[in-house]
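Chain by chain, the residues:
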Amino acid sequence: MTDTLTFLGLESSCDDTAAAIVRLTDGQPEILSSVVAGQTDLHAAFGGVVPEIAARAHAEKLDLCVEEALEEAGLGLDALDGIAVTAGPGLIGGVMSGVMCAKGLAAGAGLPLVGVNHLAGHALTPRLTDGLAFPYLMLLVSGGHCQFLIAKGPEEFSRLGGTIDDAPGEAFDKAAKLMALPQPGGPSVEAEARKGNPKAFAFPRPLLDRPGCDMSFSGLKTALLRARDQVVAEHGGLPRQIRADLCAGFQQAIADVLVEKSRRALAEYLKLAPANPGFAVAGGVAANQAIRAGLETVSREMGAEFVAPPLKLCTDNAAMIAWAGIERFRSGAQDGMDLTARPRWPLDRSAAPLLGSGKKGAKA
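Residues numbered from 1 in each chain as written. Predicted model: local features only at pLDDT ≥ 70, side-chain atom pairs only at ≥ 80, totals over all residues. Heavy atoms only, no water.

Q: So what exactly am I meant to see when it comes to the nonpolar core here?
A: Side chains that are nonpolar tend, in soluble globular proteins, to be buried together. Of all hydrophobic cores here, the largest spans 81 residues; its most connected members are Leu139, Phe217, Ile254, Leu258 and Leu295. At 14 residues, the largest contribution of residues to this core is made by helix α8 (residues 240-270). Among residues more than four places away in sequence, those in contact with Ile254 are Pro168, Ala171, Phe172, Phe217, Leu220 and Ile291. In this structure, Ile21, Val35, Ala102 and Leu105 belong to the second largest nonpolar core, which totals 27 residues. (Core = buried A, V, L, I, M, F, W, Y, C linked by side-chain atoms within 4.5 Å. Buried < 20%, exposed > 50% of the residue type's maximum accessible area, 1.4 Å probe, protein only. Helix = DSSP H or I, 4+ residues; strand = E, 2+ residues; numbered from the N terminus. Contact = heavy atoms within 4.5 Å.)

Structure representation (structure tokens):
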């Protein structure tokens, strides 16, 4: 392995088309460029991401994002040492678009190809931004996933628990829809919650009465629906202040669950007696300031360093994919032209599926 590695990363697992270039020099990573093309306007009329529309947009934008990332970094394909691409999990049409684009670039430029687990990209981001040493505890909390992982290596993850139904990001999106707020739901609910009283409504804290680190947010969403319907029945509509109170209470309930479950996960992780205890959080929901503040507090109380990547690296991006590709490549991993797109791809393959499994394997 050379002392310097420069990788192009591609990300297209959901509704963000992204390309980025990351360079590792003498152990120090640097993001040379990061381009993200969102699709919010394309899906706005549908109240959520439409997979077919997302896949077509990825196919149209990937090469443009690559060109922009190379230009921003001031490099050509001949300056790269490899290409990393999200190979799953995600919306299969989008993942396929990225994988096929990466294969074409790798074949045309004669570069190594490295398939990356999108979740590993999030989980390894604290090493890109803060150089966090293995092993560390990772809370991956996003629109489609929520799980506690002990990261022991670039491809070695042990799951302590996760959501058995809706992920927090999904719950936020559905809450926004119930409250007639725009998508994406997380930022909309958070903005509305700032104007509300989190104690105005008594929302449940699911699974806190049970041991372990598993979580559930589906019932919380139902509780919000019932509370909203009761308000509408009593007032003939949904007054703005009450809507803000509902959002504040809903957000606080999710934060309380995540904080308590984090406390339990940290207790399990600290049994390993790591030399430098670390607790990291990544994923789109990690951008929520109320949730982030609660997690930082519990981490400090438990004696672990708290790491939260910059907000732009918490949401989907290609810099994390490029970095995860570098991590895999340094450990000797490389893929061929038979790399396939995977809609499901658990990080801890030895753990039982959280959401059950079907013909294509575990959902999470």
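Q: Where do I start with the packing of α8 against helix α9 (residues 289-302) in this structure?
A: Any two packed helices are characterised by the angle at which their axes cross and by the distance between the axes. The geometry of α8 relative to α9 is characterised by a closest axis approach of 9 Å and an angle of 25° between their N-to-C directions. With respect to each other, α8 and α9 are oriented roughly parallel. The handedness of the crossing between α8 and α9 comes out as right-handed. For the pair α8 and α9, contact is made by Gln251, Ile254, Ala255, Leu258, Val259, Ser262, Arg263, Leu266, Ala267 and Leu270 and by Ala290, Ile291, Gly294, Leu295, Val298, Ser299, Glu301 and Met302, respectively. Taken together, the residues of the contact of α8 with α9 sort by class into twelve nonpolar, four polar and two charged. (Axes fitted to C-alpha atoms, helices over the stretch in contact; angles between N-to-C directions. Parallel < 35°, antiparallel > 145°, perpendicular 65-115°, else oblique. Left-handed = near helix turned anticlockwise from the far one by under 90°. Nonpolar A, V, L, I, M, F, W, Y, C, P; charged D, E, K, R; others polar.)

Q: Explain the sheet that holds strand β10 (residues 305-307) to me, please; I cannot follow it from the model alone.
A: Strands pair in a sheet through their backbones, by hydrogen bonds, and they do so in one of two ways: parallel or antiparallel. Pairing is mixed in the open sheet, where five strands are placed in the order β8-β7-β6-β9-β10. Both edges of this open sheet fall to β8 (156-162) and β10, since each of them pairs with a single strand only. Mean inter-strand twist for the sheet, computed between neighbouring axes without regard to direction, equals 25°. Sitting on the sheet, helix α4 (residues 118-130) touches β6 (136-141), β7 (146-153), β8, β9 (278-282) and β10, and the angle it makes with β6 is about 125°. (Pairing = 2+ DSSP bridges.)

Q: Sorry, what's going on with the sheet that holds strand β2 (residues 16-25) here?
A: Spatially, β3-β2-β1-β4-β5 is the arrangement adopted by the five strands of the open sheet, whose pairing is mixed. The two strands at the open ends of the sheet, each matched to only one other strand, are β3 (28-38) and β5 (113-117). Across the sheet, the mean angle from the axis of one strand to that of its neighbour is 20°, orientation sign disregarded. The strands that helix α3 (residues 92-109) touches are β1 (4-11), β4 (82-88) and β5; relative to β4, the one it contacts most, it runs at about 160°.

Q: Help me out: how do you make sense of the side chain of Asn317 in this one?
A: The residue Asn317 is located in the loop between α10 (311-314) and α11 (319-330) in this model. Among the polar contacts listed, one links the side chain of Asn317 to the backbone nitrogen of Ala319, at a separation of 3.1 Å. Reaching out from Asn317, the side chain makes a polar contact with the backbone nitrogen of Met320 at a distance of 2.9 Å. Not counting residues up to four positions away in its chain, the partners in contact with Asn317 are Glu11, Ala18, Val36 and Lys312. (Polar contact = N/O pair within 3.5 Å; in protein donor to acceptor, adjacent residues only side chain to side chain.)

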